[in-house]
Amino acid sequence: MRVLVVGSGGREHALCWTLARSASVDEVIAAPGNPGIESVGRCVSIDPKDPAAVAQLADDLDANLVLGGSEESLVRGLVDAVQARGRHAFGPTAQAAHLEGSKAWMKEVVAEAGVPTARHATFTAADQDAALQFLTTLDGLYVVKTDGLAGGKGVVVTESLDEARDAVRAYLSGSAFGDAGRTLVIEEGMRGPELSLLVVCNGDVDGAAPLAPAQDFKRIGDGDVGPNTGGMGAYSPVPIVGDGVVEQVMVEAVRPTLRALAARGIEYRGILYAGLMLTAVGPKLVEYNVRFGDPECQVVVPRLTTDLGELCLASASGKPLPEVRCSTDAWVTVVLASESYPASPRTGDPIEGLDAAEALPSVVLFHAGTARDDRGRLVTAGGRVLNVTASAPTLGEARDRAYGAAALINWPGMQFRHDIAAEAAGVSA
Ligand code: AMP
Ligand code: GLY
């Protein structure tokens with residue numbers, strides 16, 4: 001089959017790379033793709049956030065399956081637009097994508113479903129005093145989130161009540177995130193390791209199948225300090241998460257949520273990404289995302305031994321999913337980011353050392369924010385630039401390989417975390 005992958009990040013590169021190895025897939029086309037994807041598929045220039053343009057392209061290419069899409073394009077109706085042309089698109093409809101598009105709505109659905117999550121309340125500009133008052137009822141760790149999409153940057157987690165208050169004022173006034181922040185969710189801070197569980201859904205509550213668990217590193221700095229980012233690295237498997245925890249999350253969170261959606265007449269297809277915190281009293285839901293995690297996808301999807309094309313097509317067409325299997329190998333990805341990411345990433349710096357890094361055994365470089373300049377050189381073109389990804393029989397070896405490759409790559413101001421998967425591998429960073 002011919003698969004059209006929508007997007008241009010490291011996640012889309014990992015999807016294209018895995019699809020190119022799928023027996024069911026004859027051709028991979030990415031829109032708009034990136035210079036790394038060009039080595040596994042064709043790239044077509046397009047605005048990935050324009051559902052009508054994507055649907056038209058799928059028609060022009062006669063694509064059998066459209067896959068991917070950021071939360072923004074899904075919320076804008078990417079899947080609906082493709083389906084309206086009688087084609088298969090992997091992912092939730094705009095209505096179902098609301099689970100990520102509005103945190104307030106998501107909280108309403110999970111409360112109805114009885115999913116364990118943080119104590120929280122939703123406020124709008126008219127309730128600023130009540131919002132500030134609610135903060136004082138929390139226990140020392142304050143979380144303030146935009147209701148709407150904010151490119152992964154709309155969450156403040158802080159021990160400072162003053163900082164939380166400032167965030168509330170900035171969000172509600174619209175000065176921080178425009179309309180996305182004029183409604184906000186305040187919740188109690190939870191503590192514990194985080195877990196990302198990506199679940200493939202086919203519209204049938206009992207048909208949902210979890211992929212291998214992964215752990216993401218959200219903060220910019222080693223030891224989880226500094227501002228939140230889109231994710232600075234990930235690994236899979238997660239030694240502290242056995243099959244029991246995965247089943248517990250399916251029973252306590254995922255299936256009840258799918259049931260609550262079904263009760264509202266919403267059939268969920270595509271990836272349901274449950275972001276969880278493993279608290280002292282068990283796993284609690286932090287958030288739902290409606291697409292593959294980035295960079296979790298880069299360590300979860302390549303581990304699949306089930307054909308990715310078949311899996312996504314079954315999900316998109318509402319058919320029973322093939323059994324989800326994955327290799328026993330461990331995968332680690334380290335994000336190389338540009339100077340001043342996440343605040344104001346500098347771009348246009350020439351990247352050196354890619355060929356040497358890529359020549360190392362079991363190393364794959366997924367491109368996240370790269371471009372070619374007018375001289376054909378590869379340059380930085382975003383905050384997260386490259387995902388240096390490696391596999392090995394153990395997490396420790398995979399991590400050594402990834403960091404060995406990262407050490408060969410360079411550009412002015414390049415930054416990365418040194419502690420990705422360190423604790424899980426039992427080593428110090
Ligand atoms: P979200 O946009 O909801 O995914 O939140 C982004 C990140 O903020 C999460 O991955 C967590 O690291 C952190 N976070 C969100 N909610 C909480 C919470 N209630 N307690 C602690 N950390 C949180
Ligand atoms: N890595 C977190 C996300 O994709 O939202």
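Details of the structure are given in the entry above.
Predicted model, so just to flag it, every value in this text is computed and none were measured.

## A short note on the site of ligand 2
1) Next: In the vicinity of ligand 2, the residues found are Asp216, Lys218, Gly230, Tyr273, Asn289, Arg291, Gly293, Asp294, Pro295 and Glu296.
2) Next: Aspartate 216 is positioned such that a nitrogen or oxygen atom in its side chain is 2.8 Å from a nitrogen atom of ligand 2.
3) Next: Glutamate 296 is positioned with one of its side-chain polar atoms (N or O) 2.8 Å from a nitrogen atom of ligand 2.
4) Next: Here ligand 2 has 200 Å² of accessible area as a free molecule, and 89% of this is covered by the chains.

## Describing the packing of aromatic side chains
1) Next: Applying the stated rule across the entire model yields seven aromatic pairs.
2) Next: A centroid spacing of 5.2 Å and a plane angle of 90° characterise the contact between tyrosine 171 and phenylalanine 177, whose relative ring orientation is edge-to-face.
3) Next: Pairing tyrosine 403 with phenylalanine 416 gives two aromatic rings, centres 6.1 Å apart and planes at 40°, and the pair type is tilted. In this pair, tyrosine 403 sits in helix α14 (residues 395–406) while phenylalanine 416 sits in the loop between α14 and α15 (422–425), placing the two residues 13 residues apart along the sequence.
4) Next: A relative accessible area of 15% means that tyrosine 403 is categorised as buried.
5) Next: Aromatic rings pair up to connect Trp17, Trp331 and Phe366 into one cluster.

## Focus on the site of ligand 1
1) Next: Glu187, Met190, Glu194, Lys218 and Glu287 are the nearest of the 16 residues found near ligand 1.
2) Next: Take glutamate 187: an N or O atom from its side chain is 2.7 Å from a nitrogen atom of ligand 1.
3) Next: Between glutamate 194 and ligand 1, the recorded distance is 2.4 Å, taken from a side-chain N or O atom to an oxygen atom.
4) Next: Taken by itself ligand 1 offers 480 Å² of open surface, and the protein chains cover 92% of this.
5) Next: Put simply, the parts of the chain that give the shell around ligand 1 at least two residues each are β7 (142–146), β8 (155–158), β9 (183–188) and β17 (282–289).
6) Next: A breakdown of the residues in the shell around ligand 1 according to their chemical character gives seven nonpolar, two polar and seven charged.

## Details of the sheet that holds β9
1) Next: A sheet is described by the order of its strands in space; here four strands give the open sequence β6-β9-β7-β8, paired in antiparallel fashion. In this open sheet, the two edge strands, each paired with only one partner strand, are β6 (120–124) and β8. Strand after strand, the sheet turns through a mean of 15° between neighbouring axes, direction not considered.
2) Next: Where β7 and β8 come together, four bridges link them in antiparallel fashion. Counted as the bridge partner of lysine 145 is valine 155 from β8.
3) Next: On top of the sheet, helix α6 (residues 103–113) reaches β6, β7, β8 and β9; it is set at about 50° to β9, its chief contact.

## Let's talk about the pattern of salt bridges
1) Next: Evaluation of the coordinates by the stated rule reveals 30 salt bridges.
2) Next: We note a salt bridge from aspartate 166 to arginine 169, for which the minimum N-O separation is 3.5 Å. Here aspartate 166 pairs with arginine 169, and both are found in helix α8 (residues 161–173), just three residues apart, close to one helical turn.
3) Next: Residue classification places aspartate 166 among the partly exposed residues on the basis of a relative accessible area of 47%.
4) Next: Within this structure, Asp59, Asp62, Arg85 and Arg87 form a network of salt bridges that share partners.

## Brief notes about the side chain of threonine 306
1) Next: Checked against the element boundaries, threonine 306 lands in the loop between α11 (296–300) and α12 (308–316).
2) Next: Looking at threonine 306, its side chain comes within polar contact range of the main-chain oxygen of glutamate 323, at 2.7 Å.

## A look at the sheet that holds strand β11 (residues 209–210)
1) Next: Read from one edge to the other, the open sheet built from four strands follows the order β11-β10-β16-β17, with strand pairing classed as antiparallel. Edge positions in the sheet fall to β11 and β17, since each has one partner strand and no second.
2) Next: Sheet topology note: the strand β10 (residues 194–202)/β11 ladder contains two bridges and is antiparallel. Pairing of valine 199 across the sheet is with proline 210, part of β11.
3) Next: Its contacts with the sheet place α12 against β10 and β16 (269–279), and it is angled at close to 65° to β10.

## Comments concerning helix α2 (residues 51–61)
1) Next: Taken together, the buried positions of α2 are occupied by Pro51, Val54, Ala55, Leu57, Ala58 and Leu61. Looking down the long axis of α2, one finds its buried residues gathered within 160° of arc, a one-sided arrangement.
2) Next: In this structure, the buried side of α2 is in contact with β1 (2–7), β2 (27–32), β3 (42–43), β4 (65–68), α3 (71–75) and α4 (78–83).
3) Next: By the N-cap criterion, in which a side-chain oxygen at the helix start approaches the backbone nitrogen of a residue two or three places on, α2 is capped by aspartate 50, the distance to alanine 52 being 3.1 Å.
4) Next: Phi turns positive, to about 55°, at aspartate 62, one or two residues after α2.

## Concerning the pairing of β7
Side-chain direction in a regular strand flips from residue to residue, so the side chains alternate between the two faces of the sheet.
1) Next: Most of β7 sits out of view: five of its five residues are buried.
2) Next: A two-sided burial pattern is seen for β7, the buried positions comprising Tyr142, Val144 and Thr146 on one face and Val143 and Lys145 on the other.
3) Next: Sheet topology note: the β7/β9 ladder contains five bridges and is antiparallel. Its bridge partner being in β9, valine 144 is matched across the sheet by isoleucine 186.

About the thresholds
- Here the residue index of a chain counts from 1 through its sequence in written order.
- Labels follow written order: the first chain is A, the first ligand is 1, and so on.
- At least 70 in pLDDT is required for a residue's local features to be given in this predicted model, at least 80 for side-chain atom pairs to be given and counted, and no such filter applies to totals for whole chains, interfaces and linings, which use all residues.
- The side-chain values count all of the structure's non-hydrogen atoms but skip hydrogen atoms and water molecules.
- For this description, a residue counts as near a given molecule or strand if any of its non-hydrogen atoms is within 4 Å of it.
- Polar contacts here mean pairs of N or O atoms no more than 3.5 Å apart (in protein, one a potential hydrogen donor and the other a potential acceptor; neighbouring residues in sequence count only if both atoms are side-chain atoms).
- Note on areas: Shrake-Rupley with a 1.4 Å probe; residue coverage comes only from the protein chains shown.
- Only Phe, Tyr and Trp rings are paired, with Trp represented by its six-membered ring, and only when their centres lie within 6.5 Å; those with planes under 30 degrees apart are stacked, over 60 edge-to-face, the remainder tilted.
- Note on conventions: DSSP H or I runs of at least 4 residues are helices, E runs of at least 2 residues are strands, and numbering of each starts at the N terminus.
- Only protein chains enter the accessibility calculation, which uses a 1.4 Å probe; a residue is then buried when its area is under 20% of its type maximum, exposed when over 50%, and partly exposed in between.
- Residue polarity is assigned by list, with Asp, Glu, Lys and Arg as charged and Ala, Val, Leu, Ile, Met, Phe, Trp, Tyr, Cys and Pro as nonpolar; anything else, Gly included, falls into the polar class.
- A pair of strands is considered paired only if DSSP assigns at least 2 bridges between the two.
- The angle between two axes is taken between their N-to-C directions and runs from 0 to 180 degrees, where each axis is a line fitted to C-alpha atoms and a helix contributes only its stretch in contact.
- Only heavy atoms matter for contacts: two residues are in contact if any of them lie within 4.5 Å across the pair.
- Definition used for salt bridges: Asp or Glu carboxyl oxygen within 4 Å of a side-chain nitrogen of Lys or Arg.
- Directions are taken from the helix axis to each C-beta atom, and the arc is the one they span.

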